[in-house]
Amino acid sequence: MEINKSGIISVVGRPNVGKSTLMNALVGEKIAIVSSKPQTTRNRILGIVNRAGCQYVFMDTPGLHKARNRLGDYMVKVVRESVADVDGVLLLVEPIPNIGAPEAELIERVARLGVPTVLVINKIDTVKKEELLAVMEVYSKAHPFRAIIPVSAKKGEGTEGLLDVLQTLLPDGPQLFPEDMVTDQPERQICAEIVREKLLRCMDKEIPHGTAVEITRFSEREDGLLDLEATIYCEKNSHKGMIIGKGGAMLKKIGAMAREDIERFMGTKVFLQTWVKVKENWRDNANLIKNFGYRDE
């Protein structure tokens, strides 16, 4: 496919609004982890879509929230910087006829920078049509958006129409990434994030967001089987006990779920071993934050 238009679109919004779910739906492959907990996404993740002579480079970002530690500061910095030097911004919001503080801040930033912005109202399958019209009215008064598009990221509804609108924001130019590339994330990092996603899903509210995952072994055998070792870091011994579970049951469950997803992503059989270590207050340790893959560059 010959690419004659390409550009970077930043996907922003409050935590848990569905940014990663939407990007996965647009790319057609799971490249960003998803859970029902806010602040699931910690890094800036690129998702690449090639369609009709255009290359869309979507930048998934953490949700804009009030930081309570150094990791939180890093995540907020990523969001605030992500609306500069891009070709367009996709502001994702809930179907609520009220503009909250995170949305107001993001609208103020895109207005100041003069970045073309498309408003996307997610979770439209959860409201009636008249409620949706009220949301559109409130936002259309707040900013001259290029378009307001209702979608259901979970069901993949409205994504084709969204790509049609975003195509108008892409400047003329060659492709920015190879055609067969769907993300800039290293395979090792994606595998670590898949383990973290299963951890978030399995632990429910028993354990806070004080966990990180590092792939400490990533090697391929001659028969193609992938050997992985994943170390889960938490901040307290009591959390370590919960993650391991009675007789190691919880850790086995997390590992089994993660292995299935990693095999699907890597397209090969995987032998996954998981370990749990305590690193007290790692979210306030700049070196550890960088070691776990959360970097400014």
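Residue positions are given per chain, counting from 1 as you read along its sequence in written order. Selection of residues for local features in this predicted model requires a pLDDT of at least 70, selection of side-chain atom pairs for listing and counting requires 80 or more, and totals for whole chains, interfaces and linings are taken over all residues. To get the side-chain values, all heavy atoms of the structure are used, and hydrogens and water are removed first.

## A word on the environment of Val-12
Right, so step 1: Working definition: helices are DSSP H or I runs of at least four residues, strands are E runs of at least two. Numbering for both runs from the N terminus. Along the polypeptide, Val-12 turns up in strand E1 (residues 5-12).
Right, so step 2: Using a 1.4 Å probe on the protein chains alone, a residue whose accessible area is under 20% of its type maximum counts as buried, one over 50% counts as exposed, and one in between counts as partly exposed. When its relative accessible area of 1% is taken as the criterion, Val-12 is described as buried.
Right, so step 3: As a C-alpha pair, Val-12 and Glu-103 span 91 residues in sequence and 9.1 Å in three-dimensional space.

## Concerning the environment of Glu-214
Right, so step 1: Looking at where Glu-214 falls in the secondary structure, it is placed in strand E7 (residues 212-220).
Right, so step 2: Of the residues examined, Glu-214 reaches a relative accessible area of 25% and is grouped as partly exposed.
Right, so step 3: The spacing of Glu-214 and Trp-275 is 61 residues in sequence and 10.0 Å in space, taken between C-alpha atoms.

## Quick look at the pattern of salt bridges
Right, so step 1: Between Lys or Arg on one side and Asp or Glu on the other, a salt bridge is scored when a side-chain nitrogen of the former is within 4 Å of a carboxyl oxygen of the latter. Evaluation of the coordinates by the stated rule reveals 13 salt bridges.
Right, so step 2: Linking Glu-94 and Lys-123 is a salt bridge whose minimum nitrogen-to-oxygen distance equals 3.1 Å. One end of the pair, Glu-94, is in the loop between strand E4 (88-93) and helix H3 (101-113); the other, Lys-123, is in the loop between strand E5 (117-121) and helix H4 (129-142), and 29 residues separate them in sequence.
Right, so step 3: For Glu-94, a relative accessible area of 21% puts it in the partly exposed group.
Right, so step 4: Look at the salt bridges and you will find they share partners, linking Glu-197, Lys-198, Arg-201, Asp-261 and Arg-264 into a network.

## Describing the sheet that holds strand E2 (residues 45-51)
Right, so step 1: The six strands lie next to each other as E2-E3-E1-E4-E5-E6, forming an open sheet whose pairing is mixed. Because the sheet does not close on itself, it has two edges, and the strands there are E2 and strand E6 (147-150). Each adjacent strand pair in this sheet contributes to an overall mean axis angle of 25°, direction not counted.
Right, so step 2: When checking whether two residues touch, look at their non-hydrogen atoms; a contact exists if any pair is within 4.5 Å. Comment: axis = line fitted to C-alpha atoms, over the contacting stretch for helices; angle = value between 0 and 180 degrees taken between N-to-C directions. Its contacts with the sheet place H3 against E1, E4 and E5, and it is angled at close to 165° to E4.
Right, so step 3: Here helix H5 (residues 159-167) sits on the sheet and contacts E1, E2, strand E3 (54-60), E4, E5 and E6; the angle it forms with E3, its principal contact strand, is near 105°. Between any two strands, at least two bridges found by DSSP are needed for them to pair.

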